[in-house]
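If you want the building blocks of each chain, they are given just below.
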Amino acid sequence: MSDFPLADRLSTLPPYLFAAIDKAKAQVAAKGMDIISLGIGDPDLPTPDFIIEALCRSARNPRNHQYPSYVGMNTYRQAVADWYKQRFDVDLDPDTEVVSLIGSKEGIAHFPLAFINPGDLALVATPNYPVYGIATNFAGGEVEYLPLLEENDFLVDLDAVSDATWAKAKMIFVCYPNNPTAATATRTFYERLIQKAKEFDVIVVSDAAYTEIYYNPEDKPLSILECKDAKDVCIEFHSLSKTYNMTGWRIGMAVGNPSLVAGLGKIKENCDSGIFQAVQEAGIAALRDGEPFAEQFRAIYKERRDVVSAALTKAGIKHRLPDASFYMWCNTPDGFKSSEFVTNVLMQTGVVLTPGNGFGTPGEGYFRISLTVTNEKLEEAVSRISKL
């Protein structure tokens, strides 16, 4: 059988971080070791019953068995607009400023194809979700990584980016609440970012998938679209995955500047056939009636956060106490590199962690814990780690 070479765009890719973690986990499990996976950010809590029931009702409707709209049902896009108004006090035109996504990852991966030409530059704040840079490279673009450092609260140091770099850049990717550091953005930061982007005509790509996982109701994470002039330069990606425990459902949205939304929609017209309408109707139910459930999930994650923080403190492991997201960003013990420490933990304890350097060079010296297992498993995991 012929062994065909991959296209250059694939042959130069490093192993996808989370696929590599799954492979290593399977290898250790095959040896009979009990695995506690704190690696991938996949909620363990079930999707609320009312969303499942909405799907079942809609799936029985023959009207939903045909091709859906490429950009999303009008009713789904209206529900997204209504939710943004209720949650962020942001007005969106559902016809021109909202597009449905098969999960936010799909939209982020496709977006550079609409606006990046070969040789164009994208700025990526790092440590980062790997898709930003990969998608830019797939479109033929170049990437310059902007370090997120603890001394800057993991916010982009906008003053450290030269005017020459801003002038060359086509877009900039930011993610707040941040994956993996769990940092949150201030209004002042967003306002300065928008000002810089307007000055140099740069597209701001905001990944906001974790805004609904927060722990202080008086200080909810912002949407960048809340800020003045944001729609001039911004597109924001959001998802139902984390908010309502719907990672497997693959439904999300991109909102913001009409030309950016339309450009993404044009790519989607040629790359996919939209989201099953029954899933969209379940998404409408989630957006309309899901807030009480989201509040319950936040309380669970907060309890888990506090359990892990206490256990890490007892074990002498330095870490940040997150205000949002379900991640803990922790310092590796002295003398260990990120990958070395994570591999050692996996092989000796069966606990799966994510190495910080897997998210980019500034992540060296850190590891990430996902709060996506029970309190008991979290305590057991940290206990195993502390005995190394």
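Residues numbered from 1 in each chain as written. Predicted model: local features only at pLDDT ≥ 70, side-chain atom pairs only at ≥ 80, totals over all residues. Heavy atoms only, no water.

In the annotation of an unreviewed UniProt entry, the entry for the chain reads Aminotransferase, and the organism field reads Pseudodesulfovibrio alkaliphilus. Here the chain is described in UniProt, under the heading Sequence similarities (unreviewed entry), as follows: "Belongs to the class-I pyridoxal-phosphate-dependent aminotransferase family." Turning to the chain, the UniProt annotation filed under Cofactor (unreviewed entry) states: "pyridoxal 5'-phosphate". (UniProt positions renumbered as here; feature names shortened; annotations may be inferred.)

Attention now moves to the domain arrangement of the chain. With domains assigned, the chain is organised as domain 1 (9-46 + 291-386) and domain 2 (49-289). Put simply, the middle of domain 1 and the middle of domain 2, counted by C-alpha atoms, are 25 Å apart. Each partner contributes residues to the interface: domain 1 has 37 residues there, and domain 2 has 36 residues. Interface area for domain 1 against domain 2, summed over the two sides, is near 3,200 Å², with a carbon-plus-sulfur share of 61%. (Domains from an automatic or database assignment. Contact = heavy atoms within 4.5 Å. Buried area = accessible area lost by both parts, 1.4 Å probe.)

Time to look at the UniProt feature "domain: Aminotransferase class I/classII large" (unreviewed entry) in the chain. Within this structure's numbering, the places UniProt gives as "domain: Aminotransferase class I/classII large" (unreviewed entry) are residues 34-385. Secondary structure content for residues 34-385 is 41% helix and 16% strand, and the end C-alpha separation is 14 Å. (Helix = DSSP H or I, 4+ residues; strand = E, 2+ residues; numbered from the N terminus.)

Moving on: the pattern of salt bridges. Tallied over the full model, the rule gives 24 salt bridges. As a salt-bridge pair, aspartate 306 and arginine 305 come within 3.0 Å of each other at their nearest N and O atoms. Note on arginine 305: relative accessible area 7%, which makes it buried. Bridged by salt links that share partners, the residues Lys198, Lys228, Asp229 and Asp232 form one connected network. (Salt bridge = Lys/Arg side-chain N within 4 Å of Asp/Glu carboxyl O. Buried < 20%, exposed > 50% of the residue type's maximum accessible area, 1.4 Å probe, protein only.)

On to the packing of helix 5 (residues 104-115) against helix 10 (residues 258-271). Running from amino to carboxyl end, helix 5 crosses helix 10 at an angle of 105°, the nearest separation of the two axes being 8 Å. Relative to helix 10, the element helix 5 is oriented roughly perpendicular. Of helix 10, the residues touching helix 5 (which contributes Glu106, Gly107, His110, Phe111, Leu113, Ala114 and Phe115) are Ser259, Leu260, Gly263, Leu264, Ile267, Lys268 and Cys271. Across the contact of helix 5 with helix 10, the residue classes break down as eight nonpolar, four polar and two charged. (Axes fitted to C-alpha atoms, helices over the stretch in contact; angles between N-to-C directions. Parallel < 35°, antiparallel > 145°, perpendicular 65-115°, else oblique. Nonpolar A, V, L, I, M, F, W, Y, C, P; charged D, E, K, R; others polar.)

Below, the discussion takes up the sheet that holds strand 8 (residues 252-256). Across the sheet, which stays open at both edges, the seven strands sit in the order 2-8-7-6-5-3-4 with mixed pairing between neighbours. At either margin of the open sheet sits one strand with a lone partner, and together these are strand 2 (98-101) and strand 4 (142-147). Strand-to-strand twist in this sheet, taken as the mean axis angle between neighbours without regard to direction, amounts to 20°. For strand 3 (residues 121-126) and strand 5 (residues 169-175), the ladder comprises four bridges, and the chain directions are parallel. Paired with leucine 123 across the two strands is isoleucine 172, which belongs to strand 5. Relative to the sheet, helix 8 (residues 187-200) contacts strand 5, strand 6 (203-207) and strand 7 (234-239), its axis offset from that of strand 6 by approximately 150°. (Pairing = 2+ DSSP bridges.)

This part covers the sheet that holds strand 12 (residues 366-370). If you trace the three strands from one edge of the open sheet to the other, you get 9-12-11, paired in antiparallel fashion. Edge positions in the sheet fall to strand 9 (327-331) and strand 11 (354-355), since each of these pairs with one other strand and no more. Note: strand 11 against strand 12, two bridges, orientation antiparallel. Note on strand 12: the bridge partner recorded for threonine 354 is arginine 368. Sheet contacts for helix 12 (residues 291-315): strand 9 and strand 12; angle to strand 9, the most-contacted strand, approximately 10°.

Residues Tyr84 and Tyr176 are the most contacted members of the largest nonpolar core, which totals 64 residues. Those elements that place two or more of their residues in this core are helix 3 (49-59), helix 4 (74-88), strand 3, strand 5, helix 8, helix 9 (230-233), strand 8 and helix 11 (277-289). Tyr210, Ala311, Leu353 and Val382 belong to the second largest nonpolar core, which has 30 residues in total. (Core = buried A, V, L, I, M, F, W, Y, C linked by side-chain atoms within 4.5 Å.)

Okay, the packing of helix 3 against helix 11 next. Between helix 3 and helix 11, the least distance of the axes is 8 Å, while the angle of their chain directions is 145°. Between helix 3 and helix 11 the crossing geometry is right-handed. Judged by residue contacts, Phe50, Ile51, Ala54, Leu55, Ser58 and Ala59 of helix 3 engage Ala278, Val279, Glu281, Ala282, Ala285, Ala286 and Asp289 from helix 11. A class-by-class count of the residues in the contact of helix 3 with helix 11 yields 10 nonpolar, one polar and two charged. (Left-handed = near helix turned anticlockwise from the far one by under 90°.)

Glancing now at the pairing of strand 4. Bridge count between strand 3 and strand 4: six bridges; the pairing is parallel. Following the sheet pairing, alanine 122 is matched in strand 4 by valine 143. Between the parallel elements strand 3 and strand 4, the chain passes through helix 6 (residues 131-138) in a crossover that is right-handed. (Right-handed = clockwise from strand over helix to strand, strands pointing away.)

Glancing now at the environment of alanine 254. For alanine 254, the position within the fold is in strand 8. Taking C-alpha positions, alanine 254 is 5.4 Å from valine 99, a pair spaced 155 residues apart along the chain. With near-sequence residues (within four places) excluded, alanine 254 lies in contact with Glu97, Val98, Val99, Leu101, Ile235, Glu236, Phe237, Val261 and Leu264.

Taking 1.5 Å as the rise per residue, helix 5 with 12 residues should run 16 Å; its terminal C-alpha atoms sit 17 Å apart, in good agreement. Regarding helix 5, the residues found buried are Ser104, Glu106, Gly107, Ile108, His110, Phe111, Pro112 and Phe115. Tucked inside the fold, the buried residues of helix 5 contact strand 2, helix 6, strand 5, strand 6, strand 7 and helix 10. (Expected span 1.5 Å × (residues − 1).)

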